[in-house]
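# Observations on chain architecture
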Amino acid sequence: MKENNICFLKTTFVKVISFFKAHRITASFICGMIFAAPFFREWLFPLTFLSLLCFFYLTNAEESKKKSRFIYYFAFFFGVFISVYTLFFKLYPFEGFDFSPLVGKIIVIFGWLGASLIHSVMGGVILGISKHFKKSPLLYALSCGALWVIFEFSQTLGFLAFPWVNVSLSLVKFLPFLQTASLFGNGIITFIVVFSCCIASFYFIHPDKKIYLKIASAVMASNLALGCILFVIPEIKDKEVNVLIVQGNVQMGEKWEADRLKTILINHEKLIRDNLANENADIVLLAETVFPAVYTENGLIYQTMSKIAKDFDVTVMFGVLLKSDKEETINAIMAIYPDGTETPYYTKRKLVPFGEKLPSIDILGTIVPSLKELNRVSSYVEGTDAVIINSHTNVKYGPLVCYDSVFPELARENVLLGAEILAVSTNDSWYKDGGAVYQHQKQSIIRAIETGRYVFRSGNTGISCIITSKGIVTAESEIQTKAIILGKGYTSNRKTLFVLLGNSSLYLSFGVILGLIYIKIKKRL
């Protein structure tokens, strides 16, 4: 019986391999879906390496070289994005908006398929450039690593700026490996992983050429060794800060109901007062748009928050809605001191595509007028500048509102401006208990490593947490619950190499591609 089972497994394995070799485009799509798995289950991070190794093995074999690189990469990325972007499903039925079920489904499907197709085409076009270097395994692997970094950067640009899927995000449970992001940005992780998997695939195609495996192993081991050194080096802890992070757990469908403001204020006030009665805090951090009303001078929100600040001698920082002179809505974060004075506010700089704004809303809104309700009252104002919010104890906070935390450059600008701690105020109730909630939190882990800063994060329905400058989550709430986090963080004035130099892995990648083009041209002369 045992021999029969072994024989069956071997036969099945051979059939699977034969099928994948005969259907390489389908196999590329499946590899993409496997690559997406760690975004949902972070302990599956080894699949990041395995999926890329299998993908490059299938596409670098001699019999596959006649196919266009674009087709393979498009299929792979479509498998990735069509899996990860299922996060759009959790937006339905758009609680708090006046969409009909049909319009809600149209938005979800458009966001899911449209974004997947657009980013997959971009990936296919950019990575397809690698076809010009496929005659040399080493040059091809270098081009793939560099082009992948450029592709991830391209997702931060344009009307569909949604850089949600990058290699480093899939490796948050492999923290020592990620520490080099503090030197060169998270793109260095992408370059090393893609380059190593690509060059290693040639060993499995040509087992006699062990040099490919040795190169891949050396590159991966070097990054891990350097990362381990950075990981064990003691953190810079200039000043201890006691923080109270509040998670009020107000659901999206309930938040905008009439007369909810007073109830929400009372609930948050009780959470804060109950926990500060016997504990001290330097700062209280609340979530994005925590109160469903426009903030006004001397209004109910101000009166409640300033009273808390005064009674407990604490700075209260919270997300707030404001109105501009043009009656446009501003999604901001500000703070109130114990003496009742207000800090300057920071305006959210990145609005969520298909969440807070619909790409090409003027065109689509003409076709389906109710789509304009996506921005609820009016179009949000998109901020342009970094702002530092000082606490009454003179700790400098770099505020990031929700989606801002997905963009490395915004966190870097905060630190260059003097931020000693990053404060993320977010509202992920849009996605209920979906994978996007967890994926969004992981972005803050990467920002902490890149900038060498503690991160205090308050989510309306979760995840609220404290993250160290090494990316370790020291305190964390459950989602979809009322929660309070009382903990400590530490300021730092040290600037990482990433903060000083910027996204040097991107510059390196462009340099690699230009160098490879020069080599190719020179060989032809």
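Look up: the structure comes first, before these words.
Residues numbered from 1 in each chain as written. Predicted model: local features only at pLDDT ≥ 70, side-chain atom pairs only at ≥ 80, totals over all residues. Heavy atoms only, no water.

## What to know about the packing of helix H2 (residues 24-40) against helix H4 (residues 69-84)
Two measures define how a pair of helices packs: the angle their axes make with one another and the distance between the axes. Packing of H2 against H4 brings their axes to within 7 Å, and their N-to-C directions diverge by 35°. Note on packing geometry: the crossing formed by H2 with H4 is right-handed. Between H2 and H4, the contacting residues are Arg24, Ile25, Ser28, Phe29, Cys31, Gly32, Met33, Phe35, Ala36, Phe39 and Phe40 on the first element and Ile71, Tyr72, Ala75, Phe76, Phe78, Gly79, Val80, Ile82, Ser83 and Val84 on the second. The residue makeup of the contact of H2 with H4, split by class, is 16 nonpolar, four polar and one charged. (Axes fitted to C-alpha atoms, helices over the stretch in contact; angles between N-to-C directions. Helix = DSSP H or I, 4+ residues; strand = E, 2+ residues; numbered from the N terminus. Left-handed = near helix turned anticlockwise from the far one by under 90°. Contact = heavy atoms within 4.5 Å. Nonpolar A, V, L, I, M, F, W, Y, C, P; charged D, E, K, R; others polar.)

## As for the layout of surface pockets
Considering only enclosed or pocket space, the largest pocket measures out at about 430 Å³ in volume. Breaking the lining of the largest pocket down by element, the ones donating at least two residues are helix H6 (137-154), helix H15 (408-416), helix H16 (435-451) and helix H18 (504-524). (1 Å grid on protein atoms, 1.4 Å probe; cavity = no way out; pocket = protein on both sides within 12 Å on 5 of 7 lines; lining within 4 Å. Points joined across faces, edges and corners; volume = space filled by probe spheres on them.)

## Concerning unusual backbone geometry
Cis geometry marks the peptide bond from Gly462 to Ile463, where omega comes out at 5°. Looking at where Ile463 falls in the secondary structure, it is placed in the loop between strand E10 (454-459) and strand E11 (465-467). Positioned with a positive phi, Asn249 is a non-glycine residue whose angle comes to about 60°. Along the chain, the position of Asn249 falls in the loop between strand E1 (240-247) and helix H11 (252-255). Judged by its relative accessible area of 18%, Asn249 is buried. (Buried < 20%, exposed > 50% of the residue type's maximum accessible area, 1.4 Å probe, protein only.)

## Looking at the nonpolar core
Counting 124 residues, the largest nonpolar core has Phe56 and Trp148 as the members making the most contacts within it. The biggest single contributor to this core is helix H9 (residues 187-205), with 14 residues. Contacts of Phe56, omitting those with residues within four sequence positions, involve Tyr73, Cys144, Trp148, Val194, Cys197, Cys198 and Ser201. Core analysis: the next-biggest nonpolar cluster, separate from the first, contains 29 residues, Ala281, Val284, Met305 and Ile336 among them. (Core = buried A, V, L, I, M, F, W, Y, C linked by side-chain atoms within 4.5 Å.)

## Comments concerning the pattern of salt bridges
Going through the model one piece at a time under the given rule, you end up with 13 salt bridges. Close ionic contact of Glu42 with Lys442 constitutes a salt bridge, the shortest N to O distance being 3.8 Å. Of this pair, Glu42 sits in the loop between H2 and helix H3 (46-60) while Lys442 sits in helix H16; the two residues are 400 residues apart in sequence, bridging distant segments of the chain. Owing to a relative accessible area of 25%, Glu42 belongs among the partly exposed residues under this scheme. By relative accessible area, Lys442 is classed as buried at 3%. Salt bridges linked by common partners bring Glu269, Arg273, Lys307 and Asp311 together as one network. (Salt bridge = Lys/Arg side-chain N within 4 Å of Asp/Glu carboxyl O.)

## Some thoughts on the state of the cysteines
Per the stated rule, a full pass over the model turns up zero disulfides. Free cysteine Cys198: the closest other cysteine sulfur is in Cys144, separated by 4.2 Å. (Disulfide = S-S within 2.5 Å.)

## Comments concerning H2
It helps to recall that an α-helix has 3.6 residues per turn; residues three or four apart then point in one direction. Along its 17 residues, H2 runs 25 Å from first to last C-alpha, staying within 8% of the 24 Å computed at 1.5 Å per residue. Restricting attention to buried positions, one finds in H2 the residues Arg24, Ala27, Ser28, Cys31, Gly32, Phe35, Ala36, Pro38 and Phe39. (Expected span 1.5 Å × (residues − 1).)

## Re the pairing of strand E12 (residues 473-476)
In this sheet, E12 lies alongside E11 in antiparallel orientation, the contact comprising three bridges. When the sheet's bridge partners are listed, Cys465 is paired in E12 with Glu476. Counted between consecutive antiparallel strands, the loop separating E11 from E12 contains five residues, among which Gly471 sits at a positive phi close to 90°. (Pairing = 2+ DSSP bridges.)

## Looking at the side chain of Gln439
Its location among the elements puts Gln439 in helix H16. Owing to a relative accessible area of 1%, Gln439 belongs among the buried residues under this scheme.

## Some points on the sheet that holds E11
As a general point, the strands of a sheet are linked pairwise by backbone hydrogen bonds and lie either parallel or antiparallel. Spatial ordering of the open sheet is given by E7-E8-E9-E10-E11-E12, a layout of six strands whose pairing is mixed. At either margin of the open sheet sits one strand with a lone partner, and together these are strand E7 (389-390) and E12. With six bridges joining them, strand E9 (residues 421-426) and E10 adopt parallel strand pairing. In the strand pairing of E10, Leu422 is matched with Val455.

## Here we look at the environment of Ile388
Among the secondary structure elements, Ile388 is positioned in the loop between strand E6 (380-381) and E7. A C-alpha to C-alpha distance of 6.4 Å links Ile388 and Ala419, two positions 31 residues apart in sequence. Filtering out sequence-adjacent residues up to four positions away, Ile388 remains in contact with Lys396, Tyr397, Gly398, Asn414, Leu417, Gly418 and Ala419.

## A closer look at a nonpolar patch on the surface
Taken together, the side chains of Phe184, Leu497, Leu500 and Leu501 present a nonpolar region at the surface, about 330 Å² in accessible area. Looking at the nonpolar patch element by element, the count peaks at three residues for helix H17 (residues 497-501). Along the chain, the position of Leu501 falls in helix H17. (Patch = residues over 30% accessible without salt bridge, like charges linked within 9 Å, V, L, I, M, F, W, Y side chains within 5 Å. Areas by Shrake-Rupley, 256 points an atom, 1.4 Å probe, with all protein chains shown as cover.)

## Comments concerning the environment of Leu285
Considering the arrangement of structural elements, one finds Leu285 in strand E2 (residues 283-285). For Leu285, a relative accessible area of 2% puts it in the buried group. Spatially, the C-alpha atom of Leu285 lies 7.8 Å from that of Arg457, the residues being 172 residues apart in sequence. Beyond its immediate chain neighbours, meaning those up to four positions away, Leu285 contacts Leu244, Ile245, Val246, Met317, Ile333, Ala423, Val424, Phe456, Arg457 and Ser458.

## Concerning helix H12 (residues 260-276)
Taking 1.5 Å per residue, 17 residues should reach 24 Å; H12 reaches 24 Å between its end C-alpha atoms and fits that length. Looking at H12, one finds that the buried residues are Arg260, Leu261, Ile264, Leu265, His268, Leu271, Ile272 and Leu276. Buried residues of H12, viewed axially, fall in a sector of 130°; they line one side. Set apart from the buried face of H12 by more than 90 degrees, the exposed residues are Lys262 and Lys270. Along its buried surface, H12 packs onto E1, H11, E2, helix H13 (300-312) and strand E13 (483-490). (Arc of directions from axis to C-beta.)

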